[in-house]
Amino acid sequence: MAKMGVLASTRPILHDIIRQMRHFAFFDNSCSAIVVANLVAFFTKRLKSYLQFRVLWLLIPIMIMLTACAQQTTASSQVSVYIENKGSDTIVNLALAWAERYQGEHHEVRISVTGGGSGTGIAALLNGTVDIANASRQIKSEETQEAQSKGINPVEHIIARDAIAVIVNPQNPVSQMTLQQISEIYSGRINNWRDVGGENRSIVRLSRETNSGTHVYFLETVLRLGDKNNKTLFSTDTLLLPSSEGIINEVRQNPNAIGYDGLGYVPNDLKMIAIARQPGGAYVGPSIATVNDNSYPIARDLYMYTAGEPSGAVAFYLDWIMHSVEAQAIVAELGFVPINDHR
Amino acid sequence: MIKYLHPLKPGARWRETLISVVIKTCGFSAIVFVGLIFYFLLREGLPAFSEVKLADLFAVRWYPIEDYFGILPLLSGTLIVTLGAMLVAIPFSIGTAVFIAEIAPHWMRDILKPLVELLGGLPSVVLGFLGILVLTPFLRVYLGLSTGLTALAGSLLLGGIAVPTIVSIAEDALDAVPQGYREGAWAIGATRWQTIWRVTLPTARSGVLTAVMLGLGRALGETMAVMMVTGNAPVLATRWDSIFMPARTMTATIAAEMGEVASASVHYHVLFFIGLMLFLISLVVNVVASRVVFHQKNRSERVLS
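The shown structure was predicted, so the numbers you read here are calculated from the model rather than taken from an experiment. (Residues numbered from 1 in each chain as written. Chains lettered and ligands numbered in written order. Predicted model: local features only at pLDDT ≥ 70, side-chain atom pairs only at ≥ 80, totals over all residues.)

(A) Quick look at the overall build of chain B. Within chain B one finds 14 helices and 2 strands. Dimensions of chain B along its principal axes, counting C-alpha atoms only, are 75 × 60 × 40 Å. Each of the 305 residues in chain B was classed as buried or not, and the buried ones make up 37%. Here the analysis covers contacts within chain B between residues at least 6 apart in sequence; of these, 74% occur between residues at least 24 apart. (Helix = DSSP H or I, 4+ residues; strand = E, 2+ residues; numbered from the N terminus. Buried ≥ 20, exposed ≤ 12 C-beta atoms within 10 Å, placed from the backbone. Contact = placed C-beta atoms within 7 Å.)

Next comes the structure, spelled out in structure tokens:
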């Protein structure tokens, strides 16, 4: 008795839906809409038993799914190459911009870009899970050895140049320092701003995490002044923040803070310090021009590593990045330094 | 009328067996999963003992990219932040639970209890975000610290995260105390506070302690919020005012560094060793708690209940 009541009340509703489907071409493919509508009409007219009712309610969603799937496979069959790109958080915005522009011109390529730090990218290259590893530092000798032991030969490609800007709060009166002074601040030997010509405030040091290529580059070039035998380390109370945003945020609101970050990430309201390579030398601020003529002391190359010489789609992509005008224009747009001016 | 196995329905008996097997499997699977996790941690963490000397493993500097694997600063960071969180959370949460269960009128209780549970549903990342933007500048300005990114900020946030957990469960425990206990206390002339402090709370002691232990477990395991506000500096806490200095917890270390380690390297094994330490600390806390919670009632308590 209850079953008859359900059928009696749903049949007129179903007929309304079918009529609307026939009118409004519910699916993109109107042929399939008509086919489905007729099939549904066939089944509702012959609704006699409980079992047929159940089949109908199973059939409508199945039909919808089949039509939707049929449309999708035609679109995705165009993509034939997937490139996995992972690594430095410094390069990630640049890599994303490149990937979007390249995919716009070459529809058969799909590029996936992830961050995680230079160490993460190189580890993934060694594990064989990515095609291109982004790194803002050079590959270390122990990483190269591990690669050789796995039969991988990492090949280095220089894709852009970057300057590391040392930033302080806009209220801070200090605007120029020598490389030695910055090294002593970060290693804990100088603890008060008045020792470098500022106010009587304690210094709060900000840094990126240890998996960041920027961190390693800063350690080697600034703290250790480029000397391989120097074993100076960051002071233990250096704050290791997980992202560039954290550093920028803290420097913006804390007058005691000093931090460092890639030139492309520093907003206009923060103060960048002009740095002298030697005490008594000229103080140079970071910009595209000073990086290109090598007068700014903390400038570095940005790298992409591949396992062996690249081939096929990866080779075309890297070639586009390093040699095409539009790729290097994107570099300049994002605040990094294009390589073609320099080489 | 209790319906037992209907003798005329053939499928009833196997359905009963099936359901009881499924339920037993679910119950045992909880133990199996915990055992498997422990085994996995042991397998990946114990090689750290053979790769790093014990003295180096418990040294004072943590800087893994130069092979300094001293985990003492991490242990002290977790300890300070968790203890601070408990110091903040316990008075607040027990007070709130007592208020909701004993003192608030019914209409207020119906508003407060869902509100507290809603607070418990907030994702901790959101609270971490609020911590960076609001809490740390406030701490820097009003406490005169050089930076707001300190263990204190982490403790306050963690306390705030643990409070809803503790309040929900403690309030349920206080509700479960029989009304007869309170009436007995009032009958002999106790004031409301005396009743709460000397009769109700001690009776609900096991439930309240369970609540505190759950809050402690939540605070120990919290990663994202502390990673954003404690500054992640591996400073060994040696003086009483180390809570006003930055700290690095074990959870934040694992979260920040696990992405970059190569499989089966020394760093990888040491990170798993840190995970093993966290697991063991939680285990110890739970064992201590369960001894208190499940202790056999002595004769006087049995007579009264």
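(B) Layout of the overall build of chain A. Within chain A one finds 12 helices and 11 strands. For chain A, the proportion of its 343 residues judged to be buried stands at 36%.

(C) Expanded view of the interface of chain B and chain A. Counting residues at the interface gives 26 residues for chain B and 28 residues for chain A. Put simply, the parts of the chain that give the side of chain B that touches chain A at least two residues each are α6 (124-143) and α12 (250-257) of chain B. Sort the elements by how many residues they give to the side of chain B that touches chain A and α6(B) lands first, with 3 residues. Considering only residue class, the side of chain B that touches chain A consists of 15 nonpolar, 6 polar and 5 charged. (Nonpolar A, V, L, I, M, F, W, Y, C, P; charged D, E, K, R; others polar.)

(D) Local environment of the packing of helix α7 (residues 151-175) of chain B against helix α10 (residues 205-221) of chain B. All names here are of chain B. Running from N to C, α7 and α10 point in directions that differ by 155 degrees, and their axes come no closer than 8 Å. Here α10 runs roughly antiparallel to α7, going by the angle between their axes. When you trace α7 past α10, the crossing you get is right-handed. Mapping the contact onto sequence places L158, I161, A162, T165, I166, I169, A170, D172 and A173 in α7 and G207, V208, T210, A211, V212, L214, G215, R218 and A219 in α10. (Axes fitted to C-alpha atoms, helices over the stretch in contact; angles between N-to-C directions. Parallel < 35°, antiparallel > 145°, perpendicular 65-115°, else oblique. Left-handed = near helix turned anticlockwise from the far one by under 90°.)

(E) How the structure looks around unusual backbone geometry. If you check the backbone angles, N294(A) has positive phi at about 60 degrees while not being a glycine. Position of N294(A) relative to the elements: it lies in the loop between α10 (288-292) and β11 (299-307). A positive phi is found at N232(B), a non-glycine position, where the angle reads about 55 degrees. Along the chain, the position of N232(B) falls in the loop between α11 (224-229) and α12. For N232(B), a count of 28 C-beta atoms within 10 Å puts it in the buried group.

(F) Region of the structure containing α6(B). Between the first and last C-alpha of α6(B) there are merely 25 Å, a value that for 20 residues lags more than 12% behind the 28 Å anticipated at 1.5 Å per step. A bend of about 45 degrees at G131(B) is the largest found in α6(B). Among the residues of α6(B), those classed as buried are L127(B), G128(B), G131(B), I132(B), L135(B), T136(B), L139(B) and R140(B). On its buried face, α6(B) is in contact with α9 (244-253) of chain A together with α7 and α11 of chain B. (Expected span 1.5 Å × (residues − 1). Bend = angle between axes of the 7 residues up to and from the residue.)

(G) Seen up close, the packing of α12(B) against helix α13 (residues 266-293) of chain B. Residue and element names in this part refer to chain B. Closest axis-to-axis distance for the α12/α13 pair is 10 Å, and the angle between their directions is 150 degrees. Considering the angle they form, α12 stands roughly antiparallel to α13. Judged by the twist between their axes, the crossing of α12 over α13 is left-handed. Across the interface between the two elements, M250, T251, T253, I254 and E257 of α12 pack against L271, I274, G275, M277 and L278 of α13.

(H) Representation of the confidence of the model for chain B in the model. For chain B, mean pLDDT is 89; residues scoring 70 or higher make up 93% of the total. Of the two predicted TM-score estimates for the complex, the pTM is 0.76 and the ipTM is 0.80. (pLDDT = per-residue confidence, 0-100.)

(I) Broad picture of the pairing of strand β8 (residues 257-262) of chain A. Residue and element names in this part refer to chain A. With 6 of its 6 residues buried, β8 lies for the most part within the structure. As paired elements, strand β4 (residues 154-168) and β8 share 5 bridges and run antiparallel to each other. Bridge pairing links I164 to G262 in β8. As defined by bridge partners, strand β6 (residues 204-208) adjoins β8 across 2 bridges and the pair is classed as parallel. Its bridge partner being in β8, R205 is matched across the sheet by I258. (Pairing = 2+ DSSP bridges.)

(J) Main features of the nonpolar core. Grouped together as the largest cluster of nonpolar side chains are 140 residues, with contacts concentrated most on A133(A), L157(B), L158(B), I166(B), A170(B) and V229(B). In terms of residue count, α7(B) provides more of this core than any other element does, 15 residues in total. Setting aside residues no more than four positions away along its own chain, A170(B) makes contact with S93(B), I94(B), A97(B), G207(B), V208(B) and A211(B). (Core = buried A, V, L, I, M, F, W, Y, C linked by C-beta atoms within 7 Å.)

(K) Geometry of the pairing of strand β2 (residues 109-114) of chain A. Residues and elements named next belong to chain A. Where strand β1 (residues 81-87) lies against β2, 6 bridges are found, and the strand directions are parallel. If you follow K86 over to β2, its bridge partner there is T114. This β-α-β element, β1 to helix α4 (residues 92-105) to β2, shows right-handed connectivity. (Right-handed = clockwise from strand over helix to strand, strands pointing away.)

(L) Region of the structure containing the environment of A97(B). Residues and elements named next belong to chain B. Its place among the elements puts A97 in helix α4 (residues 72-103). The exposure class assigned to A97 is buried, which follows from the 27 C-beta atoms found within 10 Å. When near neighbours in sequence (up to four residues on either side) are disregarded, A97 contacts V167, A170, E171 and L174.

(M) α12(B), seen in detail. All names here are of chain B. Taking burial as the measure, the 8 residues of α12 include 6 buried ones, the bulk of the element. All buried positions along α12 are accounted for by M250, T251, A252, T253, A256 and E257. Where α12 is buried, its residues touch α4, α10, α11 and α13.

(N) The arrangement of the environment of I103(B) in detail. Residue and element names in this part refer to chain B. If you trace the backbone, I103 turns up in helix α4. Overall, the presence of 12 C-beta atoms within 10 Å leaves I103 in the exposed class. Between the alpha carbons of I103 and T78 there is a distance of 36 Å; along the sequence they are 25 residues apart.

(O) Just the confidence of the model for chain A, in detail. Averaged over every residue, the pLDDT of chain A is 82; the share at 70 or more is 79%. Of the regions scoring below 50 in pLDDT, residues 1-9 of chain A engages in 3 contacts with residues more than four places distant in sequence or in other chains.

(P) Geometry of the environment of I23(B). Relative to the assigned elements, I23(B) resides in helix α1 (residues 12-45). Distance from I23(B) to L79(B), taken between C-alpha atoms, is 38 Å for residues 56 residues apart in sequence.

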